[in-house]
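# Architecture and fold: a report
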Amino acid sequence: MAYCFQCGTELNEKSLENNLRLICPECGWVYYPQLKVSAAGLIEMEGSLLLVRRNTQPWLGAWYLPAGYVEADEDPAIAAAREVREETGLIIHPTVLFGSYYFDDDPRGKGLLLVYHCDVLEGNITINDEVDAVGFFHPASLPKQLTGAGHDRAIKEWASRQEVWQGQWRQGIKH
Ligand SMILES: [Zn+2]
């Protein structure tokens, strides 16, 4: 149940501009929901990518980049570092943005995934309740089952960039 931000009246669901919106029957205030923001860490070691396996729904048993929702008062880069630490035990420093991915396939809501390149500062890999496995994957041998919510596309984009880079490197060696 939701209430009007202006007058406190209970909101009604109505069609507005072809979308169902929560509208205040008293003062006409409209609640416009916004995208969720999640942040992930991209951690590479010797050409392989760190992935974790979910042991909760949605996407139970699928692999993804260590990630989670950004708190309302948190810098997304800091959120990425926090999630990496919670899910893998590694202490990292987010450097630059790898990419951003809009997603509409998460039953918890549509959103935007921000993926940060990370430098590992310290720590040993340990796993928590949200994940049941951690591994490094070469671009040619990624797990078959990847989560949605932007992760599948981010991981495949990373793999295709690695393959291009490795192809150029091999060509460089040949000449
Ligand atoms: Zn109102």
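Below you will find a few notes about this structure. Everything quoted here is computed from the prediction, not taken from an experiment.

This part covers the pairing of strand 2 (residues 19-23). Pairing analysis gives five bridges linking strand 1 (residues 12-16) to strand 2, with the strands arranged antiparallel. Bridge pairing in strand 2 links K14 to R21. Between the antiparallel neighbours strand 1 and strand 2 lie two residues, among them E17 with a positive phi of about 50°. Taken together, the two bridges between strand 2 and strand 3 (residues 30-31) define a ladder with antiparallel strand orientation. Across the sheet, the residue bridging to I23 is V30, located in strand 3.

Residue Q57 is joined to P58 through a cis peptide bond whose omega torsion reads -5°. Its identity as a non-glycine residue notwithstanding, W59 has a phi of 65°, on the positive side. Checked against the element boundaries, W59 lands in the loop between strand 6 (48-54) and strand 7 (63-64). Judged by its relative accessible area of 23%, W59 is partly exposed. With phi around 60°, A149 is a residue other than glycine that occupies positive phi space.

Once that is clear, we can look at the coordination of the zinc ion. Only C4 (SG), C7 (SG), C24 (SG) and C27 (SG) from the protein reach the zinc ion as donors, at distances of 2.3 to 2.4 Å. Relative to the metal, the four donor atoms surrounding the zinc ion lie at angles of 102 to 125°, and the coordination shape comes out tetrahedral. Binding-site remark: the zinc ion is held by donors from one chain whose sequence spacing is C-x2-C-x16-C-x2-C. C24 sits in the buried class, given a relative accessible area of 3%. Here C27 falls in the partly exposed class, since its relative accessible area comes to 38%.

For the rest of this paragraph, the subject is the pattern of salt bridges. Considering all chains together, one arrives at six salt bridges under this definition. Where D132 meets R53, a salt bridge forms, and the shortest distance between an N and an O atom there is 2.8 Å. Within this pair, whereas D132 is found in strand 11 (residues 131-137), its partner R53 is found in strand 6, the two being separated by 79 residues in sequence. Among the salt bridges present, the one from E157 reaches R161, with a minimum N-O distance of 2.7 Å. With E157 and R161 both in helix 2 (residues 151-174), this residue pair falls four residues apart, about one helical turn. Linked through salt bridges whose partners overlap, the residues forming this network are E74, R82, E83 and E86.

Criteria and thresholds
- In every chain, residue numbers begin from 1 and rise along the written sequence.
- For a predicted model such as this one, the threshold for reporting local features is a pLDDT of at least 70, and the threshold for listing and counting side-chain atom pairs is 80 or more; totals across whole chains, interfaces and linings nevertheless cover every residue.
- Computation of side-chain values: all heavy atoms of the structure, hydrogens and water removed.
- Should DSSP find at least two bridges between two strands, the strands are taken to pair.
- Secondary structure elements follow DSSP: runs of H or I no shorter than four residues count as helices, runs of E no shorter than two count as strands, and numbering proceeds from the N terminus.
- Only protein chains enter the accessibility calculation, which uses a 1.4 Å probe. A residue is then buried if its area is under 20% of the maximum for its type, exposed if over 50%, and partly exposed in between.
- Metal-coordinating donors are taken as N, O and S atoms lying within 2.8 Å of the metal, or within 3.2 Å when the metal is Na, K or Ca; because water is left out, some sites can appear incomplete.
- Every angle between 85 and 135 degrees makes a four-donor site tetrahedral, while opposite donors more than 155 degrees apart, with all other angles between 65 and 115, make a four-donor site square planar and a six-donor site octahedral; other sites are irregular.
- For this analysis, a salt bridge means a side-chain nitrogen from Lys or Arg found within 4 Å of a carboxyl oxygen belonging to Asp or Glu.

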